[in-house]
Amino acid sequence: MRIAFCCTDHKPEPWLAGLRAALPEADFFVWTPGAPAADHAIVWSPPQQFIDEQPGLRTLFNIGAGVDALLKLRLPPGLQVVRLDDAGMAVQMAEYVCHAVIRHFREFDVYEADAAQARWSFRKPRARAEFPVGLLGLGVLGSRVAQALAQFEFPVKGWSRTPRVVDGVECFHGAGQLDAFLAASRVLVCLLPLTPDTAGILNRAHLARLQPGGYVINVARGGHLVEEDLLALLDEGHLAGATLDVFRQEPLPLEHPFWRHPKVTVTPHTSARTLRDESIAQIARKIGALSRGEPIAGLVDRGRGY
Ligand SMILES: NC(=O)c1ccc[n+]([C@@H]2O[C@H](COP(=O)([O-])OP(=O)(O)OC[C@H]3O[C@@H](n4cnc5c(N)ncnc54)[C@H](OP(=O)(O)O)[C@@H]3O)[C@@H](O)[C@H]2O)c1
C-alpha cells in the first residue's frame, strides 16, 4: 500500500516518522510532481496538480476538520474524502470558547485594563441567565463546546441542519428555526462548516436578531462572517463585542480595522490546532479499518459540503 504525503505548511519528516511507526507495512512518501501512483493520500491544501496526477487515489485524509478548501479542487467522483474528527481539537475548541465567553461575561477585559492602571475597582456581578450562548453547529466540535459551557451553567442553545439531541442544550434545526434560535441567544458561537448554505451566515440580518448586547465568537471560517456588517453593528451598539479567530484574508492584513477595534479580540486561527500525534494515530487506525473493509467515521459527504 502506497501513501502519499502532500501537506503545504507542514514539515514532512516528523509526520512520516510517526506514520511509518504506526503503519510499518505501508510505503509512505512525500509527493513531488511526477511521483508514482499512491492508494491513499494525507493532505492539507494540496495543489490541483497533485489530484490530477493521482487519478487512482482511493482516499484523501485531510489533516483538519474543515474540508472547504479541499472541496474547491476538481476531485474525481469516486474519491473519498475523510476529515479529522476531534483528534484533540474538540477540547481545544472548548477551552477557547469557554475562555472567550467567560472573559466577556465576567468582564475580565475590563479588569485587565484596570490592572494596567493599578486601579482597584469592582464590576457588578451579571446574571448568567441573561447570557444564553447559542452554538451554530452541533457536530464534533459544537457538541463538545456545548458540554463545556453547560459545566459553567450557561444556558446553551444549539442549531444544526438536522434535528439533534444534546444533553443540556435547547436544540433548534433548519432554516425555519434559525430566527428563533438567534432570538434566544445573546452570545453567538459559529462552529459550522463553510458550505454554500452557510457562507455569510453571520450577516447584519442574522446578527441583528441576537439579544441586545450580543457577542460574536467566530471559530469556524472567515467566510461565515460579513465583516462590514459586524463592524456596523458594533459601532451602532447592538453588539457588545466579538472574539474572532478566523478571517476572510489570513494572515489578517495589517491595516484591517479588527486589529485596533476596541470591541474586537483577534487571534491568529489558533482555536483548535491539528495535533500531530493524535492525527497520525487516528489516520493510521482509519487506514487499517479501510484495508480490513470496515466502516470509518469522518467520511465527508461531498454533495453536502461537510
Ligand atoms: N478555527 C479553527 O482552528 C478550527 C479548527 C477545526 C475546525 N474548524 C471549523 O469548525 C467546523 C466544524 O467542525 P466539526 O468537526 O464540528 O464539524 P461537523 O462535525 O461536521 O459538524 C458540523 C455541524 O454544523 C451543522 N451544519 C452544517 N451545515 C448546516 C446548515 N446548512 N444549517 C445548519 N447547520 C448546519 C451540522 O448539522 P448536522 O448535525 O445536522 O449535520 C453539524 O451539527 C469545521 O468545518 C471547520 O471549518 C475551525
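For the structure itself, consult the block above.
If you're wondering where the values come from, they're calculated on a predicted model, not measured in any experiment.

A.B. asks: Could you give an account of the overall build of the protein chain, with specific residues and numbers?
C.D. replies: Regarding its fold elements, the protein chain presents 10 helices and 12 strands. A compact globule built from 306 residues would reach a C-alpha radius of gyration of about 19 Å, and the protein chain, at 21 Å, matches this within 12%. By principal-axis analysis of the C-alpha atoms, the protein chain measures approximately 65 × 45 × 35 Å. Sorting the 306 residues of the protein chain into buried and exposed places 50% on the buried side. Counting only contacts in the protein chain whose residues sit at least 6 apart along the sequence, the fraction spanning at least 24 positions is 60%.

A.B. asks: Explain the pattern of salt bridges residue by residue, including any values.
C.D. replies: Counted according to the given criterion, the structure contains 13 salt bridges. One salt bridge connects Asp27 with Arg2, and the closest N-O pair in it is separated by 2.7 Å. Separated by 25 residues along the polypeptide, Asp27 in strand β2 (residues 27-30) and Arg2 in strand β1 (residues 2-7) bring together distant segments of the chain. Residue Asp27 is classed as partly exposed on the basis of its relative accessible area of 35%. The partner of Arg204 in a salt bridge is Glu236, and the shortest N-O contact between them spans 2.6 Å. Taken as a pair, Arg204 in helix α7 (residues 204-207) and Glu236 in helix α8 (residues 227-236) lie far apart in primary sequence, 32 residues in all. Put simply, Glu107, Arg123 and Arg126 are held in one network by salt bridges that share partners.

A.B. asks: Break down the side chain of Arg221 for me, citing the residues and quoting the values.
C.D. replies: With respect to the secondary-structure elements, Arg221 resides in the loop between β10 (214-218) and α8. Assessed through its relative accessible area of 18%, Arg221 is described here as buried. For Arg221, the side chain forms a polar contact with the side chain of Asp68, separated by 3.0 Å.

A.B. asks: Account for the packing of aromatic side chains, naming residues and giving values.
C.D. replies: Pairs of aromatic rings are described using the distance from one ring centre to the other and the angle between the two planes. According to the stated counting rule, one finds 8 aromatic pairs in the structure shown. When the ring of Phe105 is compared with that of Phe154, the centres are 5.2 Å apart and the planes differ by 80°; the resulting orientation is edge-to-face. With Phe105 in helix α3 (residues 89-105) and Phe154 in the loop between α5 (140-151) and β7 (156-160), this residue pair connects regions lying 49 residues apart in the sequence. Here Phe154 falls in the buried class, since its relative accessible area comes to 5%. Consider the rings of Trp120 and Phe122, whose centres lie 6.4 Å apart with planes at 85°: the pair is edge-to-face. Judged by its relative accessible area of 79%, Trp120 falls in the exposed class. Taken together, the aromatic side chains of Phe105, Phe131 and Phe154 make up a single cluster linked through ring pairs. Seen from the ring of Phe154, Arg128 lies directly overhead, with NZ or CZ sitting 5.2 Å from the centre. A cation over an aromatic ring shows up here: Arg186 above the ring of Phe131, its NZ or CZ 3.8 Å from the ring centre.

A.B. asks: Which residues make up the sheet that holds β2, and what values do they have?
C.D. replies: Pairing is parallel in the open sheet, where 5 strands are placed in the order β2-β1-β3-β4-β5. The open sheet has two free edges, formed respectively by β2 and β5 (80-82), since each of these has just one partner strand. Between one strand axis and the next, the sheet turns through 20° on average, direction left out of account. Each of β1, β3 (40-44), β4 (59-62) and β5 is contacted by helix α10 (residues 276-291), which is oriented at about 160° to β4, the strand it contacts most.

A.B. asks: Mind laying out the nonpolar core, listing which residues take part and the relevant values?
C.D. replies: The biggest cluster of nonpolar side chains holds 52 residues, and the ones touching the most others in it are Ile42, Leu135, Leu149, Val189 and Ile217. At the level of secondary structure, the elements contributing two or more residues to this core comprise β1, α1 (12-22), α3, β6 (133-136), α5, β9 (187-190), β10 and α10. It is α3 that contributes the most residues to this core, 11 residues altogether. When near neighbours in sequence (up to four residues on either side) are disregarded, Leu149 contacts Val97, Cys98, Val101, Val133, Leu135, Phe154 and Val156. Leu188, Leu207, Leu230 and Phe247 belong to the second-largest nonpolar core, a separate cluster that totals 28 residues.

About the cut-offs
Residues numbered from 1 in each chain as written. Predicted model: local features only at pLDDT ≥ 70, side-chain atom pairs only at ≥ 80, totals over all residues. Heavy atoms only, no water. Helix = DSSP H or I, 4+ residues; strand = E, 2+ residues; numbered from the N terminus. Rg over C-alpha atoms; globule rule 2.2 N^0.38 Å. Buried < 20%, exposed > 50% of the residue type's maximum accessible area, 1.4 Å probe, protein only. Contact = heavy atoms within 4.5 Å. Salt bridge = Lys/Arg side-chain N within 4 Å of Asp/Glu carboxyl O. Polar contact = N/O pair within 3.5 Å; in protein donor to acceptor, adjacent residues only side chain to side chain. Phe/Tyr/Trp six-rings, centres within 6.5 Å; stacked < 30°, edge-to-face > 60°. Lys NZ or Arg CZ within 6 Å of the ring centre and 35° of its normal. Pairing = 2+ DSSP bridges. Axes fitted to C-alpha atoms, helices over the stretch in contact; angles between N-to-C directions. Core = buried A, V, L, I, M, F, W, Y, C linked by side-chain atoms within 4.5 Å.

By themselves, these are just geometric observations and shouldn't be taken as functional.
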